[in-house]
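Breakdown of the fold
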Amino acid sequence: VKKKKSPQIGIREREMASGWGITGNKGRCYDFWMDFSECMSHCREPKDCSLLREDYLECLHHSKEFQRRNRIYKEEQRKLRAASRKGEETGDATHTHH
């Protein structure tokens, strides 16, 4: 993987040397890269390709997926704590979780 300074968007982006993944098959994000790359080669402004760039980066890093999982986990923990507090207040053992 080569690093290339993109003159259009002013950030470092990775230029894929080939479409092959480590198993010898097409890389999992190659299609996203090709869509983004194609858009960048034909767009008038880099922001026109921002959604495709976002899709490609999500494929690489799963940032949004991890953020969502973290939010779900925190909400589940909040609900468990609230149920536990409610059970303690009423003295009812049916609200405790094992």
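Below: a short report on this structure. Quantities reported herein were computed from a predicted structural model and do not represent experimental measurements. (Residues numbered from 1 in each chain as written. Predicted model: local features only at pLDDT ≥ 70, side-chain atom pairs only at ≥ 80, totals over all residues. Heavy atoms only, no water.)

Brief notes about the nonpolar core
- Grouped together as the largest cluster of nonpolar side chains are nine residues: Cys29, Trp33, Phe36, Cys39, Met40, Cys43, Cys49, Tyr56 and Cys59.
- Every element with two or more residues in this core is listed here: helix 1 (30-42) and helix 2 (50-61).
- It is helix 1 that contributes the most residues to this core, four residues altogether.
- Discounting residues that sit within four places of it in the chain, Cys43 has contacts with Asp48 and Cys49. (Core = buried A, V, L, I, M, F, W, Y, C linked by side-chain atoms within 4.5 Å. Buried < 20%, exposed > 50% of the residue type's maximum accessible area, 1.4 Å probe, protein only. Helix = DSSP H or I, 4+ residues; strand = E, 2+ residues; numbered from the N terminus. Contact = heavy atoms within 4.5 Å.)

Focus on the packing of aromatic side chains
- If you walk through the whole model with that rule in mind, you get two aromatic pairs.
- With centroids separated by 6.0 Å and ring planes inclined at 65 degrees, the aromatic side chains of Trp33 and Phe36 adopt a geometry described as edge-to-face. With Trp33 and Phe36 both in helix 1 and three residues apart, this pair spans about one turn of that helix. By the burial criterion, Trp33 is buried, and Phe36 matches it.
- Measuring from ring centre to ring centre gives 5.2 Å for Trp33 and Tyr56, while their planes differ by 55 degrees; the resulting arrangement is tilted. In this pair, Trp33 sits in helix 1 while Tyr56 sits in helix 2, placing the two residues 23 residues apart along the sequence. (Phe/Tyr/Trp six-rings, centres within 6.5 Å; stacked < 30°, edge-to-face > 60°.)

Observations regarding unusual backbone geometry
- Not every positive phi belongs to a glycine, and His62 is a case in point at roughly 55 degrees.
- Counting through the fold element by element, His62 comes out in the loop between helix 2 and helix 3 (63-90).

Things to note about the packing of helix 2 against helix 3
- At a closest axis distance of 6 Å, the pairing of helix 2 and helix 3 adopts a crossing angle of 65 degrees. As the angle between them shows, helix 2 and helix 3 are arranged roughly perpendicular. Contact with helix 2, carried on its side by Glu54, Glu58 and His61, involves Ser63, Lys64, Glu65 and Phe66 of helix 3 and no other residues of that element. (Axes fitted to C-alpha atoms, helices over the stretch in contact; angles between N-to-C directions. Parallel < 35°, antiparallel > 145°, perpendicular 65-115°, else oblique.)

Structural notes on the state of the cysteines
- For the structure on display, the rule yields two disulfides.
- Covalent S-S linkage joins Cys39 and Cys49, the inter-sulfur distance amounting to 2.0 Å. Taking the torsion about the S-S bond as the criterion, the Cys39 to Cys49 disulfide, at about -90 degrees, is left-handed. Here Cys49 lies in the loop between helix 1 and helix 2 and Cys39 lies in helix 1, a separation of 10 residues in the sequence.
- According to the relative accessible area criterion, Cys39 is buried, its value standing at 19%.
- Here the chain pairs its bonded cysteines, counted in sequence order, in the arrangement 1-4, 2-3.
- Cysteine Cys43 is unpaired, with the sulfur of Cys49 as its nearest cysteine sulfur at 3.8 Å. (Disulfide = S-S within 2.5 Å.)

Nothing here speaks to function; it is all geometry.
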